[in-house]
Amino acid sequence: PPPIGLDPAHLALVRRGMEEVVNNPHGTAYNVRITTPPYSMAGKTGTAQVRRTTAKMRAEGVDVFKLPWKFRDHALFVGYGPIHKPAYAAAAIVEHGIEGALTAAPVVRDVLLAAMKRDPRLIRTIDETETGRKKNRSGENRGGTTGEDE
């Protein structure tokens, strides 16, 4: 893609942060990371407040999961994948979903994973695998190393 005028160092910092949100055990979306190689994603969680949480409510230990539905915050998540060669991006907003990592991130994860599993650059078909095996058996790799004897 053509450059958009961002300093590459700044963009790398943002991408690293989004990777950490999903793939670092301390990240807010770590529990919804993609664990199936070679697939991966990075992203950012978010919450849009529906109503003001007062100091009194916080002091009383308000439980956001017990609030009436209409008062629960909206959940947001935006992500991309795969991490090192991004090809897909997705975003989700779940109205009254409370937290981005809880309700919106799983939606984005599932969309990205489905897209990457269908990406011909990331998968090999049975025909391609069989063609590779036939080439190896016919001796087309003679003279080079296959790595099998190393």
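Residues numbered from 1 in each chain as written. Predicted model: local features only at pLDDT ≥ 70, side-chain atom pairs only at ≥ 80, totals over all residues. Heavy atoms only, no water.

1. Regarding the overall build of the chain
When you go through the chain residue by residue, the secondary structure sums to four helices and three strands. When the helices and strands of the chain are read in sequence order from the N terminus, they spell out α-β-α-β-β-α-α. Taken over 150 residues, the chain has a buried fraction of 27%. Residue pairs in contact within the chain that sit at least 24 positions apart in sequence constitute 58% of those at least 6 positions apart. For the chain, the exposed surface amounts to about 10700 Å²; the carbon and sulfur share of it is 55%. (Helix = DSSP H or I, 4+ residues; strand = E, 2+ residues; numbered from the N terminus. Buried < 20%, exposed > 50% of the residue type's maximum accessible area, 1.4 Å probe, protein only. Contact = heavy atoms within 4.5 Å. Areas by Shrake-Rupley, 256 points an atom, 1.4 Å probe, with all protein chains shown as cover.)

2. Here's the deal with the nonpolar core
Val22, Ala29, Ile34, Met41, Phe77, Val108 and Leu112 are the most contacted members of the largest nonpolar core, which totals 18 residues. For this core, the secondary-structure elements that each account for two or more residues are α1 (8-23), β2 (74-81), β3 (88-94) and α3 (100-117). Examining the composition of this core, we find that seven residues originate from one element, α3, more than from any other. Ignoring any residue separated from it by four or fewer positions in sequence, one finds Leu112 in contact with Met41, Gly79, Tyr80, Gly81, Tyr88, Ala89 and Ala90. (Core = buried A, V, L, I, M, F, W, Y, C linked by side-chain atoms within 4.5 Å.)

3. Comments concerning the sheet that holds β2
With antiparallel pairing, the three strands of this open sheet are ordered in space as β1-β2-β3. Here the strands that pair on one side only, and so sit at the sheet edges, are β1 (42-48) and β3. Pairwise comparison of adjacent strand axes, ignoring direction, gives a mean angle of 10° for this sheet. In this sheet, β3 lies alongside β2 in antiparallel orientation, the contact comprising seven bridges. Within β3, the position partnered with Gly79 by the bridge is Ala90. (Pairing = 2+ DSSP bridges. Axes fitted to C-alpha atoms, helices over the stretch in contact; angles between N-to-C directions.)

4. Details of α3
Its 18 residues place the ends of α3 24 Å apart at the C-alpha level, agreeing with the 26 Å of an ideal helix rising 1.5 Å per residue. The principal kink in α3, of about 25°, is found at Pro106. Residues of α3 that are buried: Gly100, Ala101, Ala104, Ala105, Pro106, Val108, Leu112, Leu113 and Met116. Lining the buried residues of α3 we find β1, β2 and β3. (Expected span 1.5 Å × (residues − 1). Bend = angle between axes of the 7 residues up to and from the residue.)

The analysis is restricted to geometry; functional conclusions fall outside its scope.
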